[in-house]
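Next come the chains, spelled out residue by residue.
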Amino acid sequence: MKLQFEKIEPEAGSSFRVIHGTEAETCRVYWHYHPEYEIVYIPFGNGQRRVGTNLSCYEGGELVFIGPNLPHLNFSYGKEGEYEEVVVQMRDDFMGESFLEKPELVTVRKLFERAHTGLTFGTNTKQLVGPWLAKLPDQLPFERLLTLLQILQHLADASDAEPLHADGVQFDLNPKEQERINRVCQYVEQHYAEPVNIHAVADLASLTVPAFCRYFKRMTHLTFTDFVNEYRVNQARRMLHSARTVADVSFAVGFNNLSHFNKTFRAVTGQTPGTYRKSLVG
């Protein structure tokens, strides 16, 4: 199974990302890595975990904290039938560069350091922290942030954490490939509001256009066009928190056709822009 890079964007109005999945194998990426830390909570069921060098099974649900660039397999991979998970993805500086340097967060800083080996937690911590994680998807941004801080503190204090990945074992993530894909992502971040020049992007990757399209699909499991459109929709979700009209937001994020924007927004989020905006105040 080929190792793939996953590009993660925080959701609108938040400095971190929360995903509530209720179907198995819904993710595009399987054996993958990303620079964000990740908490995965599975409230019930048995399955297989693969985190770094560790290949093992879990029973009665799972709770793990995975460090940055530690390869892991989606926990829904190969699952059939009823399945549920809550995933939290965040950078170590999601609350500012000096966030973990605060004296109140000494134990949390050590938790983040230990997460580089991937941590799985026992029944006691799952029962304590699980209900808080289950609340995150439906909470308002400020309340969600406070809950996450509580979760991190309890994970830091947990006595039933076990490392999964062999400490010191490094995966060859190919720094040149990471640098190449990051150049492409940075280009999209800087130019998403403009018509994206595929030739310029291919040049950044030192590839021809056809070779770049194959490379990007192999690395991300997305076409480059789908990646750009998803990024634009994520930016639009942020702007829809303001009083700007849907048409104004559409053009501001690089769509020159309102109908195309509405169709793409719905394909990515499952809602029209208008419905999404109403849900913010509902």
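Going along each chain's sequence as written, the residues are numbered from 1 onward. Thresholds applied to this predicted model are a pLDDT of at least 70 for local features of residues and 80 or more for the giving and counting of side-chain atom pairs; totals over whole chains, interfaces and linings are not thresholded and use all residues. Only hydrogens and water are set aside when side-chain values are computed; all heavy atoms of the structure are taken into account.

Turning to the overall build of the chain, a few remarks are in order. By the criteria applied, helices consist of DSSP H or I runs no shorter than four residues and strands consist of E runs no shorter than two, each listed in order from the N terminus. On a plain count of helices and strands, the chain comes out with ten helices and ten strands. The globule rule used here is 2.2 Å times the number of residues to the 0.38 power, and the radius of gyration it is set against is calculated over C-alpha atoms. Since a compact globule built from 282 residues should have a radius of gyration of about 19 Å, the 20 Å found for the chain is in line with a globular shape. By its C-alpha atoms, the chain is 55 × 45 × 45 Å across when sized along the principal axes. A 1.4 Å probe rolled over the protein chains alone gives each residue an accessible area, and that area as a share of the maximum for its type sets the label: buried under 20%, exposed over 50%, partly exposed in between. Here the chain holds 282 residues, and the buried ones make up 46% of them.

Our next topic: the packing of helix α7 (residues 224-239) against helix α9 (residues 258-269). Across the interface, α7 lies against α9 with an axial gap of 10 Å and an inter-helix angle of 90°. The orientation of α7 with respect to α9, classified from their angle, is roughly perpendicular. From α7, Asn 229, Glu 230, Val 233, Ala 236 and Arg 237 reach across to α9, where they touch Phe 261, Thr 264, Phe 265, Val 268 and Thr 269. A per-class count over the contact of α7 with α9 returns five nonpolar, three polar and two charged. To obtain each axis, a line is fitted to C-alpha atoms, and for helices this fit is confined to the stretch in contact; angles are then taken between N-to-C directions over 0 to 180 degrees. Any angle between 65 and 115 degrees counts as roughly perpendicular, while under 35 counts as roughly parallel, over 145 as roughly antiparallel, and the rest as oblique. A contact between two residues is defined here by any heavy atoms of the two lying within 4.5 Å. Under this grouping Gly is polar, as are all residues other than the nonpolar Ala, Val, Leu, Ile, Met, Phe, Trp, Tyr, Cys and Pro and the charged Asp, Glu, Lys and Arg.

When you line up the elements, Ser 250 lands in helix α8 (residues 246-252). Among the residues examined, Ser 250 registers a relative accessible area of 0% and is labelled buried. Setting aside residues up to four positions removed in sequence, Ser 250 forms contacts with Phe 255, Asn 257, Leu 258 and Phe 261.

Okay, the pairing of strand β7 (residues 62-66) next. Most of β7 is tucked away: five of the five residues are buried. Two strands pair if DSSP finds at least two bridges between them. Bridge count for strand β4 (residues 37-42) against β7 is five bridges, and the pairing is antiparallel. Each residue of the ladder has a partner; that of Val 40, found in β7, is Val 64. As paired elements, β7 and strand β9 (residues 119-121) share two bridges and run antiparallel to each other. When the bridges of β9 are listed, Phe 65 appears paired with Leu 119.

Turning to α7, a few remarks are in order. Taking 1.5 Å per residue, 16 residues should reach 22 Å; α7 reaches 23 Å between its end C-alpha atoms and fits that length. Listing the buried residues of α7 in full gives Phe 224, Phe 227, Val 228, Asn 229, Tyr 231, Arg 232, Val 233, Asn 234, Gln 235, Ala 236 and Met 239. Multiplying one less than the number of residues by 1.5 Å gives the expected span of a helix.

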